[in-house]
Amino acid sequence: MKLRTRCLGLAEAVVDLSAVEANVRQIRQRLRPGTEVLAVVKADAFGHGAVQVARAAIGAGATWLGVARADEALQLRAAGLTAPILVWLYDASELMLLADVDVSVSTVAELQQVIDTPSVHNIHLKLDTGLHRGGSNPEQWIELTRTAAYYEALGAIKIRGIWSHLSHGDEPNAPQNQKQLELFRTGLTLARRAGLNPSVIHLANSAGALTLDAPDCNLVRIGAALYGIDELGIELTPPMRLVSKVAQVRRIRAGEGISYSHDYVAPHDTTVALIPLGYADGIPRNTTGQASVLIRGVRMPIRGRIAMDQFVVDAGDIPLEPGEPVTIFGDGSQGEPTAADWAEWAGTIPHEIYCGLGPRIPRRYEETTR
Ligand SMILES: *Cc1c(COP(=O)(O)O)cnc(C)c1O
């Protein structure tokens, strides 16, 4: 078996790009034929590395890329990615940088800003169908679509997409999904009546892509599933594992405390090991007492306060040596915790664990064949 614990330096996040590819394939297999995949690589691909993940996703058949911010789109273009990119949050001052990127528009005022920026051409109009987090108010939709159609007829812009976002995508049986779908279809009819003929129509995120029957849509925006965050019990693989090394080992006596304020006091003599990662690296501070890591195939609990740069685990009577590999999280196949376990310990979602990994952790890429 391949040694999956190897770590260069103090710590690194190793991203298996073939797992990203496999996850894209898992999703694509389940989509209605003709539905394309937009790979959501915002926030540095949930901490995995936007350029590398984007390339892998495109290689596995995704045809669009999506990001939240202008600089994220520019990073992808600078790296040579040529697929269409949709960006959904930007400042008016950034628009002139976004030639060759599709931008989301929710209001007539935003539409005007784009029209005032001749280099930006392709627009996706966003309708708020119930998330109430952005998008056009349904009451203003007719005005927005008519104004857009007017400027499109003049050749100033192209309305390439119509879109919306689900509030309950990960709850397939929630009645909100059908309600949003109905509002979306109405919005689509009104847009066509205004004279628009968008080529991409998209509503669903990862979970919604697999559960919402939306024949009007021909594109799904896939984020979480790329990263193996499984909200629906399909077979996905988390591509990232976070590995480190034992930095120091010492023996302490019963009654001695560990880390700041001695929140933890050892009930018996034991061996403790120092791991050189802390909350500045994204190890959630509130997980001590619940969290454990894998060393020598054994789960060892974190004891005492997690500091900014380091934490301590209890090795019991196992005679660890400095330099031994430590797995903080991975896909779980070797007994290590997963990011989902860390999320549970921290009272959050795996997305936040991945996005929280700090800038001191280098990302390393590999391609295993799956
Ligand atoms: C983050 C995001 C997505 C991806 O959602 P997942 O649930 O991670 O698949 C899709 N669309 C928009 C607008 C987003 O902000």
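Just so you know, these numbers come straight off a predicted model, no measurement behind them. (Residues numbered from 1 in each chain as written. Predicted model: local features only at pLDDT ≥ 70, side-chain atom pairs only at ≥ 80, totals over all residues. Heavy atoms only, no water.)

Overview of the overall build of the chain
Line of reasoning, step 1. What the chain contains, in helices and strands, is ten helices and 19 strands.
Line of reasoning, step 2. With the C-alpha coordinates aligned to their principal axes, the bounding extent of the chain is approximately 80 × 40 × 40 Å.
Line of reasoning, step 3. By the burial criterion, 54% of the 370 residues in the chain qualify as buried.
Line of reasoning, step 4. Counting contacts in the chain only where the partners sit at least 6 residues apart, residues at least 24 apart contribute 65% of the total.
Line of reasoning, step 5. For the chain, the exposed area adds up to about 16,300 Å²; of that, 50% sits on carbon and sulfur atoms. (Helix = DSSP H or I, 4+ residues; strand = E, 2+ residues; numbered from the N terminus. Buried < 20%, exposed > 50% of the residue type's maximum accessible area, 1.4 Å probe, protein only. Contact = heavy atoms within 4.5 Å. Areas by Shrake-Rupley, 256 points an atom, 1.4 Å probe, with all protein chains shown as cover.)

Details of unusual backbone geometry
Line of reasoning, step 1. Here D44, not a glycine, exhibits a phi torsion of approximately 55 degrees, which is positive.
Line of reasoning, step 2. Here D44 lies in helix α2 (residues 42–46).
Line of reasoning, step 3. At D100, a residue that is not glycine, the phi angle is positive and equals roughly 75 degrees.
Line of reasoning, step 4. With respect to the element layout, D100 can be found in the loop between β4 (85–87) and β5 (102–105).

Side note on the UniProt feature "active site" (unreviewed entry) in the chain
Line of reasoning, step 1. Here, UniProt's "active site" (unreviewed entry) annotation points to K42 and Y260. These residues run over 219 residues, and the two farthest C-alpha atoms among them are 36.1 Å apart, placing them at more than one spot.
Line of reasoning, step 2. Counting through the fold element by element, K42 comes out in helix α2.
Line of reasoning, step 3. Given a relative accessible area of 29%, K42 falls into the partly exposed group.
Line of reasoning, step 4. Residues contacting K42, with those up to four places away along its chain left out, are G66, V67, A68, E72 and W88.
Line of reasoning, step 5. You can see Y260 is positioned in the loop between β12 (257–258) and β13 (264–265).
Line of reasoning, step 6. Accessibility expressed as a relative area gives 56% for Y260, which makes it exposed.
Line of reasoning, step 7. Those residues in contact with Y260 that sit more than four places away from it in its chain are R305 and A307. (UniProt positions renumbered as here; feature names shortened; annotations may be inferred.)

Topic: the environment of W345
Line of reasoning, step 1. Structurally, W345 is set in helix α9 (residues 339–346).
Line of reasoning, step 2. According to the relative accessible area criterion, W345 is buried, its value standing at 15%.
Line of reasoning, step 3. Separated by 58 residues in the primary sequence, W345 and T287 place their C-alpha atoms 5.4 Å from one another.
Line of reasoning, step 4. Each residue touching W345, except ones within four places of it in the same chain, is listed here: N286, T287, Q290, A291, S292, R299 and P337.

Considering a nonpolar patch on the surface
Line of reasoning, step 1. A contiguous nonpolar patch, built from L74, M96 and L97 and spanning about 290 Å² of accessible area, is present on the exposed surface.
Line of reasoning, step 2. Inspection of the secondary structure puts M96 in the loop between β4 and β5.
Line of reasoning, step 3. Assessed through its relative accessible area of 62%, M96 is described here as exposed. (Patch = residues over 30% accessible without salt bridge, like charges linked within 9 Å, V, L, I, M, F, W, Y side chains within 5 Å. Salt bridge = Lys/Arg side-chain N within 4 Å of Asp/Glu carboxyl O.)

Focus: the packing of aromatic side chains
The geometry of two aromatic rings is summed up by the distance between their centres and the angle between their planes.
Line of reasoning, step 1. Inspection of the entire model under this criterion finds five aromatic pairs.
Line of reasoning, step 2. Between W88 and W163, the aromatic rings sit 5.8 Å apart at their centres with planes inclined by 45 degrees, giving tilted as the arrangement. In this pair, W88 is assigned in the loop between β4 and β5 and W163 in strand β7 (residues 158–163), connecting sequence segments 75 residues apart.
Line of reasoning, step 3. Judged by its relative accessible area of 2%, W163 falls in the buried class.
Line of reasoning, step 4. Relative to Y354, the ring of F329 has its centre 5.8 Å away and its plane inclined at 85 degrees; by these criteria the two rings are edge-to-face. Placement of the pair is F329 in strand β18 (residues 325–329) and Y354 in helix α10 (residues 350–355), with a sequence separation of 25 residues.
Line of reasoning, step 5. Residue classification places F329 among the buried positions, given a relative accessible area of 2%. (Phe/Tyr/Trp six-rings, centres within 6.5 Å; stacked < 30°, edge-to-face > 60°.)

With respect to the sheet that holds strand β11 (residues 248–252)
Line of reasoning, step 1. Strands sit in the order β11-β14-β17-β16-β15-β18-β10-β1-β19 across an open sheet of nine strands; the sheet is mixed. Of all strands in the sheet, those with a lone pairing partner are β11 and β19 (363–366), marking the two edges. Averaged over all adjacent pairs, the angle separating strand axes in this sheet is 35 degrees, with direction ignored. (Pairing = 2+ DSSP bridges. Axes fitted to C-alpha atoms, helices over the stretch in contact; angles between N-to-C directions.)

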